[in-house]
Amino acid sequence: MSLEKQISTGIMEAMKAKNPVRLSALRNVKKYIIEAKTAGPEIAELPDADVMKIIAKLAKQGTDSAAIYVEQHRQDLADEELAQVAVLQEFLPKQLSAEELTEAVRAIIAEVGATSMKEMGKVMGVASKRLAGQADGKEISAKVKELLG
(Lines give C-alpha, C1' and ligand atoms only; values in the text may rest on other atoms or scores of the structure.)
Protein backbone atom coordinates (compact mmCIF):
# COMPACT_ATOMS: atom_id res chain seq x y z
CA MET A 1 0.00 0.00 0.00
CA SER A 2 1.34 3.41 -0.94
CA LEU A 3 2.15 5.97 1.72
CA GLU A 4 -0.63 8.25 0.47
CA LYS A 5 -3.19 5.46 0.90
CA GLN A 6 -1.80 4.67 4.36
CA ILE A 7 -2.38 8.31 5.34
CA SER A 8 -5.98 8.17 4.06
CA THR A 9 -6.61 4.91 5.92
CA GLY A 10 -5.06 6.41 9.05
CA ILE A 11 -7.45 9.37 8.84
CA MET A 12 -10.46 7.04 8.73
CA GLU A 13 -9.14 4.98 11.64
CA ALA A 14 -8.47 8.12 13.70
CA MET A 15 -12.04 9.31 13.05
CA LYS A 16 -13.47 5.97 14.18
CA ALA A 17 -11.22 5.92 17.27
CA LYS A 18 -12.05 9.58 18.01
CA ASN A 19 -8.34 10.41 18.26
CA PRO A 20 -8.12 14.19 17.63
CA VAL A 21 -4.31 14.45 17.74
CA ARG A 22 -3.77 11.70 15.17
CA LEU A 23 -6.62 12.98 13.02
CA SER A 24 -5.26 16.53 12.99
CA ALA A 25 -1.70 15.42 12.12
CA LEU A 26 -2.81 13.13 9.29
CA ARG A 27 -5.27 15.66 7.87
CA ASN A 28 -2.45 18.19 7.75
CA VAL A 29 -0.29 15.74 5.77
CA LYS A 30 -3.22 14.99 3.44
CA LYS A 31 -3.67 18.74 2.83
CA TYR A 32 -0.04 19.09 1.70
CA ILE A 33 -0.34 15.96 -0.47
CA ILE A 34 -3.38 17.42 -2.24
CA GLU A 35 -1.58 20.75 -2.72
CA ALA A 36 1.42 18.95 -4.23
CA LYS A 37 -0.79 16.93 -6.57
CA THR A 38 -2.58 20.02 -7.88
CA ALA A 39 0.52 22.23 -8.14
CA GLY A 40 1.72 20.83 -11.46
CA PRO A 41 0.32 18.58 -14.15
CA GLU A 42 -2.47 16.27 -13.02
CA ILE A 43 -1.04 13.46 -10.85
CA ALA A 44 -3.18 10.50 -9.81
CA GLU A 45 -0.98 9.53 -6.86
CA LEU A 46 2.05 11.21 -5.34
CA PRO A 47 5.21 9.03 -5.24
CA ASP A 48 6.17 7.75 -1.79
CA ALA A 49 9.44 9.72 -1.89
CA ASP A 50 7.50 12.99 -2.27
CA VAL A 51 5.07 12.05 0.51
CA MET A 52 8.07 11.18 2.70
CA LYS A 53 9.54 14.65 2.10
CA ILE A 54 6.24 16.27 3.09
CA ILE A 55 6.01 14.23 6.29
CA ALA A 56 9.66 14.91 7.19
CA LYS A 57 9.16 18.65 6.62
CA LEU A 58 6.06 18.72 8.82
CA ALA A 59 7.79 16.70 11.56
CA LYS A 60 10.73 19.12 11.56
CA GLN A 61 8.39 22.12 11.69
CA GLY A 62 6.51 20.57 14.61
CA THR A 63 9.73 19.89 16.51
CA ASP A 64 10.93 23.45 15.92
CA SER A 65 7.58 24.86 17.02
CA ALA A 66 7.64 22.76 20.19
CA ALA A 67 11.10 24.12 21.04
CA ILE A 68 9.81 27.68 20.65
CA TYR A 69 6.78 26.93 22.83
CA VAL A 70 9.05 25.54 25.56
CA GLU A 71 11.18 28.71 25.44
CA GLN A 72 8.01 30.75 25.89
CA HIS A 73 6.89 28.58 28.84
CA ARG A 74 3.92 27.12 26.96
CA GLN A 75 4.41 23.43 27.73
CA ASP A 76 0.76 22.70 26.87
CA LEU A 77 1.27 23.78 23.26
CA ALA A 78 4.67 22.05 23.07
CA ASP A 79 3.12 18.75 24.22
CA GLU A 80 0.44 19.02 21.53
CA GLU A 81 3.05 19.66 18.80
CA LEU A 82 5.23 16.77 20.00
CA ALA A 83 2.22 14.42 20.04
CA GLN A 84 1.56 15.26 16.38
CA VAL A 85 5.26 14.82 15.55
CA ALA A 86 5.11 11.35 17.13
CA VAL A 87 2.24 10.44 14.79
CA LEU A 88 4.21 11.70 11.77
CA GLN A 89 7.33 9.77 12.77
CA GLU A 90 5.38 6.51 12.48
CA PHE A 91 5.44 7.05 8.70
CA LEU A 92 9.13 8.03 8.48
CA PRO A 93 12.09 5.64 8.32
CA LYS A 94 14.04 5.14 11.53
CA GLN A 95 16.42 8.04 12.18
CA LEU A 96 20.12 7.17 12.08
CA SER A 97 22.12 7.36 15.28
CA ALA A 98 25.29 9.50 15.33
CA GLU A 99 27.45 6.38 14.83
CA GLU A 100 25.31 5.07 11.97
CA LEU A 101 25.39 8.49 10.28
CA THR A 102 29.19 8.62 10.59
CA GLU A 103 29.52 5.17 9.03
CA ALA A 104 27.11 5.98 6.20
CA VAL A 105 28.89 9.25 5.37
CA ARG A 106 32.31 7.53 5.51
CA ALA A 107 31.05 4.91 3.04
CA ILE A 108 29.72 7.62 0.70
CA ILE A 109 33.02 9.56 0.88
CA ALA A 110 34.94 6.39 0.01
CA GLU A 111 32.52 5.57 -2.82
CA VAL A 112 32.78 9.07 -4.33
CA GLY A 113 36.54 9.18 -3.73
CA ALA A 114 36.45 12.58 -2.05
CA THR A 115 39.61 13.69 -0.24
CA SER A 116 39.11 17.39 0.49
CA MET A 117 36.49 20.03 1.27
CA LYS A 118 36.52 21.00 -2.42
CA GLU A 119 34.59 17.80 -3.14
CA MET A 120 31.92 18.37 -0.47
CA GLY A 121 29.30 19.09 -3.14
CA LYS A 122 29.77 15.66 -4.73
CA VAL A 123 29.49 13.93 -1.36
CA MET A 124 26.44 15.97 -0.29
CA GLY A 125 24.64 15.20 -3.56
CA VAL A 126 24.91 11.45 -2.97
CA ALA A 127 24.41 11.65 0.81
CA SER A 128 21.30 13.82 0.59
CA LYS A 129 19.59 11.37 -1.75
CA ARG A 130 20.68 8.20 0.01
CA LEU A 131 20.00 9.38 3.57
CA ALA A 132 16.78 11.30 2.84
CA GLY A 133 14.34 10.94 5.71
CA GLN A 134 16.88 9.11 7.86
CA ALA A 135 18.84 12.18 8.95
CA ASP A 136 18.41 15.94 8.90
CA GLY A 137 20.24 17.79 6.10
CA LYS A 138 22.12 19.95 8.62
CA GLU A 139 23.36 16.85 10.46
CA ILE A 140 24.53 15.27 7.20
CA SER A 141 26.31 18.48 6.17
CA ALA A 142 28.02 18.84 9.55
CA LYS A 143 29.21 15.21 9.44
CA VAL A 144 30.56 15.59 5.88
CA LYS A 145 32.46 18.75 6.91
CA GLU A 146 33.85 16.99 9.97
CA LEU A 147 35.04 13.94 8.01
CA LEU A 148 36.46 15.89 5.06
CA GLY A 149 38.05 18.61 7.19
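Please refer to the structure higher up on the page.
First, a word on what this report is: a plain description of the structure on this page. (Residues numbered from 1 in each chain as written. Predicted model: local features only at pLDDT ≥ 70, side-chain atom pairs only at ≥ 80, totals over all residues. Heavy atoms only, no water.)

Our next topic: the side chain of Ser-141. In this fold, Ser-141 is placed in helix α7 (residues 137–148). For Ser-141, a relative accessible area of 17% translates into the label buried. Residues within four places of Ser-141 in sequence aside, it is in contact with Met-120 and Met-124. (Helix = DSSP H or I, 4+ residues; strand = E, 2+ residues; numbered from the N terminus. Buried < 20%, exposed > 50% of the residue type's maximum accessible area, 1.4 Å probe, protein only. Contact = heavy atoms within 4.5 Å.)

We now examine the layout of surface pockets. Each pocket or cavity is described by its volume, and for the largest pocket that value is around 490 Å³. If you go around the largest pocket, you meet 17 residues; those closest to its centre are Ala-56, Gln-95, Gly-133, Ala-135 and Asp-136. For the lining of the largest pocket, the leading source of residues is helix α3 (residues 48–71), giving 8 residues. A class-by-class count of the residues in the lining of the largest pocket yields 8 nonpolar, 4 polar and 5 charged. (1 Å grid on protein atoms, 1.4 Å probe; cavity = no way out; pocket = protein on both sides within 12 Å on 5 of 7 lines; lining within 4 Å. Points joined across faces, edges and corners; volume = space filled by probe spheres on them. Nonpolar A, V, L, I, M, F, W, Y, C, P; charged D, E, K, R; others polar.)

A word on the pattern of salt bridges. For the structure on display, the rule yields 10 salt bridges. The shortest N-O distance in the salt bridge between Glu-90 and Arg-22 comes to 2.9 Å. Here Glu-90, found in the loop between α4 (75–89) and α5 (98–112), pairs with Arg-22, found in helix α2 (residues 20–39); they are 68 residues apart in sequence, far enough to count as distant. Residue Glu-90 is classed as exposed on the basis of its relative accessible area, which comes to 51%. Its salt-bridge partner being Arg-106, residue Glu-103 comes within 3.3 Å of it at the nearest N-O pair. Placement of the pair is Glu-103 and Arg-106 together in helix α5, with a separation of 3 residues, close to one helical turn. Judged by relative accessible area, which is 49%, Glu-103 ranks as partly exposed. Assessed through its relative accessible area of 45%, Arg-106 is described here as partly exposed. (Salt bridge = Lys/Arg side-chain N within 4 Å of Asp/Glu carboxyl O.)

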